[in-house]
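Observations on chain architecture
Listed here are the chains, written in short residue letters.
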Amino acid sequence: MGAFLGFGELTVDPAGAYSWQHLTFVTSLVLIMTALAIWVGLDYRKHPNKNKNVPLIWAAILIDGVEIIKIVLSCVQSDEPVQSLLRNLPLFLCSIQLITLPLAAFSKGRLKEAALDFVLIFGLLGALAGTYGAAQNYNAYPIFYYVNVCSGITHCISGFGSLYIAISGMTSMKKNNIGITFSILSVCCVLAYIVNILTDYNYMFLMQGDGTPYDILYNLVGGNPVLYPIGVVVLFLIYIVAFYAGYYLLTKKKSKS
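Numbers given for residues are sequential positions, taken from 1 along each chain in its written order. Where local features are concerned, this predicted model is filtered to residues with pLDDT of at least 70; where side-chain atom pairs are given and counted, the filter is 80 or more; whole-chain, interface and lining totals use all residues. The side-chain figures draw on all heavy atoms in the structure; neither hydrogens nor water molecules are used.

Some words on the overall build of the protein
- For the protein, the count of helices and strands is 10 helices and zero strands.
- Put simply, the protein runs from its N terminus to its C terminus through helices and strands in the order α-α-α-α-α-α-α-α-α-α.
- The atom set for the radius of gyration is the C-alpha atoms, and the globule formula is 2.2 Å times the number of residues raised to the power 0.38. In terms of C-alpha radius of gyration, the protein reaches 19 Å, essentially the compact-globule figure of 18 Å for 257 residues.
- For the protein, the C-alpha atoms occupy an extent of roughly 60 × 45 × 35 Å along the three principal directions.
- Partly exposed describes any residue whose relative accessible area lies between the buried limit of under 20% and the exposed limit of over 50%, with all areas from a 1.4 Å probe on protein chains only and scaled to the type maximum. By the burial criterion, 44% of the 257 residues in the protein qualify as buried.
- Within the protein, residue pairs in contact and separated by at least 24 positions form 73% of the contacts whose partners lie at least 6 positions apart.
- Carbon and sulfur atoms form 69% of the exposed surface of the protein, whose accessible area is close to 13400 Å².
- When the 15 positive and 12 negative side-chain charges of the protein are each reduced to one mean point, those points stand 26 Å apart. Each helix is a run of DSSP H or I of at least 4 residues and each strand a run of E of at least 2, with the numbering of both proceeding from the N terminus. Two residues qualify as a contact provided that any one of their heavy atoms is within 4.5 Å of a heavy atom in the partner residue. To measure how exposed things are, a 1.4 Å probe is used in the Shrake-Rupley method; for residues, cover is taken only from the protein chains shown. Here the positive residues are Lys and Arg and the negative ones are Asp and Glu; neither His nor the chain ends is included. In this description, the location of a charge corresponds to atom NZ of lysine, CZ of arginine, CG of aspartate or CD of glutamate.

As for the layout of surface pockets
- Roughly 1400 Å³ of volume is contained in the largest pocket.
- Phe92, Cys94, Gln136, His155 and Phe205 are the residues nearest the centre of the largest pocket, which is lined by 47 residues in total.
- Those elements that provide at least two residues to the lining of the largest pocket are helix 2 (53-77), helix 4 (97-106), helix 5 (109-131), helix 6 (135-140), helix 7 (146-168), helix 9 (214-220) and helix 10 (227-256).
- Per element, the largest residue contribution to the lining of the largest pocket is six residues, and it comes from helix 7.
- In the scheme used here, Gly and all other residues not listed as nonpolar or charged are polar, with Ala, Val, Leu, Ile, Met, Phe, Trp, Tyr, Cys and Pro taken as nonpolar and Asp, Glu, Lys and Arg as charged. Here the lining of the largest pocket is composed, by residue class, of 25 nonpolar, 18 polar and four charged.
- The computed volume of the second largest pocket comes to approximately 320 Å³.
- Using only the protein atoms, space was sampled on a 1 Å grid; points where a 1.4 Å probe fits but cannot get out form cavities, open sets with protein on both sides within 12 Å along at least five of seven lines form pockets, and lining residues are those with an atom within 4 Å of a point. Looking at the second largest pocket, it is lined by 15 residues, and the ones nearest its centre are Leu36, Ala59, Leu62, Ile157 and Phe160. Grid points are joined across faces, edges and corners, and a volume is the space filled by probe spheres set on the points.

Structural notes on the nonpolar core
- Among buried residues, the Ala, Val, Leu, Ile, Met, Phe, Trp, Tyr and Cys ones that are joined through side-chain atoms within 4.5 Å form a nonpolar core. Residues Leu56, Leu101, Leu185 and Met204 are the most contacted members of the largest nonpolar core, which totals 52 residues.
- When contributions to this core are tallied by element, the ones reaching two or more residues are helix 1 (20-45), helix 2, helix 4, helix 5, helix 7, helix 8 (178-199) and helix 10.
- Sequence-distant contacts of Leu185, that is, excluding residues within four places in its chain, are made with Leu93, Ile96, Phe118, Phe122, Met204, Phe236, Leu237 and Ile240.

Considering a nonpolar patch on the surface
- Only residues above 30% relative accessible area that lack a salt bridge enter a patch, with like-charged residues linked at up to 9 Å and the nonpolar side chains Val, Leu, Ile, Met, Phe, Trp and Tyr linked at up to 5 Å. Salt bridge, as used here, is a side-chain nitrogen of Lys or Arg placed within 4 Å of a carboxyl oxygen of Asp or Glu. A cluster of nonpolar residues, Val226, Ile230, Val234, Leu235 and Ile238, forms a patch on the protein surface that exposes about 430 Å² of accessible area.
- Along the chain, Val226 turns up in the loop between helix 9 and helix 10.
- With relative accessibility at 51%, the residue Val226 sits in the exposed group.

Concerning the pattern of salt bridges
- On inspection of all chains with the given rule, the structure shows two salt bridges.
- Among the salt bridges present, the one from Glu67 reaches Lys70, with a minimum N-O distance of 3.5 Å. Here the residue Glu67 and the residue Lys70 both occupy positions in helix 2, the gap between them amounting to three residues, near one helical turn.

Let's talk about the packing of helix 5 against helix 7
- Angles shown run from 0 to 180 degrees and are taken between the N-to-C directions of axes, each axis being a line fitted to C-alpha atoms and, for helices, limited to the stretch in contact. Helix 7 packs onto helix 5 with a crossing angle of 140° between their chain directions and a minimal axis gap of 7 Å. Relative to helix 7, the element helix 5 is oriented oblique. Crossing geometry of helix 5 relative to helix 7 is assigned as left-handed. Of the residues in helix 7, those in contact with Leu116, Val119, Leu120, Gly123, Leu124, Gly126, Ala127, Gly130 and Thr131 of helix 5 are Ser151, Gly152, His155, Cys156, Ser158, Gly159, Gly161, Ser162, Leu163, Ile165 and Ala166. Should an angle fall under 35 degrees it is called roughly parallel, over 145 degrees roughly antiparallel, and 65 to 115 degrees roughly perpendicular, with every other angle called oblique. Helix crossings get a hand from a simple test, with the near helix turned counterclockwise from the far one by less than a right angle marking a left-handed crossing and a clockwise turn marking a right-handed one.

A few points about the side chain of Ser158
- Looking at where Ser158 falls in the secondary structure, it is placed in helix 7.
- The exposure class of Ser158 is buried, given its relative accessible area of 1%.
- Separated by 3.3 Å, the side chain of Ser158 and the backbone oxygen of Gly123 make a polar contact.
- The contact partners of Ser158, leaving out residues within four places of it in the chain, are Ile63, Gln97, Val119, Gly123, Leu124, Gly126 and Ala127. Between N or O atoms, a polar contact is any pair within 3.5 Å; within protein, one atom must be a potential hydrogen donor and the other a potential acceptor, and residues adjacent in sequence are included only when both atoms are from side chains.

Encoded structure:
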């Protein structure tokens, strides 16, 4: 247990990116996430709207609780706890759910609707990116190490939130809330860029691609320090617009049929 929590010497080597251990572990988490979302979503679909919020409240408490545990452990074990804290802020695209999922659970009105949309749009994407895509973690740590376990759980909770919102019928996706959804993302991007400058970090991959598909854009603009981050934000906004357009197209066809 001490080794798992980072207080003892690690006796197990990292499994490696996309090893069978990595893929088996994250696939198990994704299957559990999907099964729970379908089960709970279908059950609460029959409930009054005021009751549908209950699973989101639990999801919000759990996602922030598990992430806080990970941050505390990282800071306690670091020789530079302040720097460690600054590098564990919820300013990656997938970790914004640490903010928007509680907003979806506890806020009201248009803010709640926009937060529900944000979780729906980015939750599942973040879950897959933070489990299958977070290959570097499995090169650095064993499978059953608090960093990988906590990260896997929090990302899958965001995926659960996305699927639950869709299945339970909590989807909003109102056109007049698109601006709020844009604003949530834009504010987080601005904060991420400022923190990147101050701490020499790479939140939101706004500074460089770091081996992700963003490298294509980075190389396309020649690593330009102005065009590259603007391009990343534009890609985020294009994804939001495409998601909304796809949603309207599918629901329109469904209503016609």
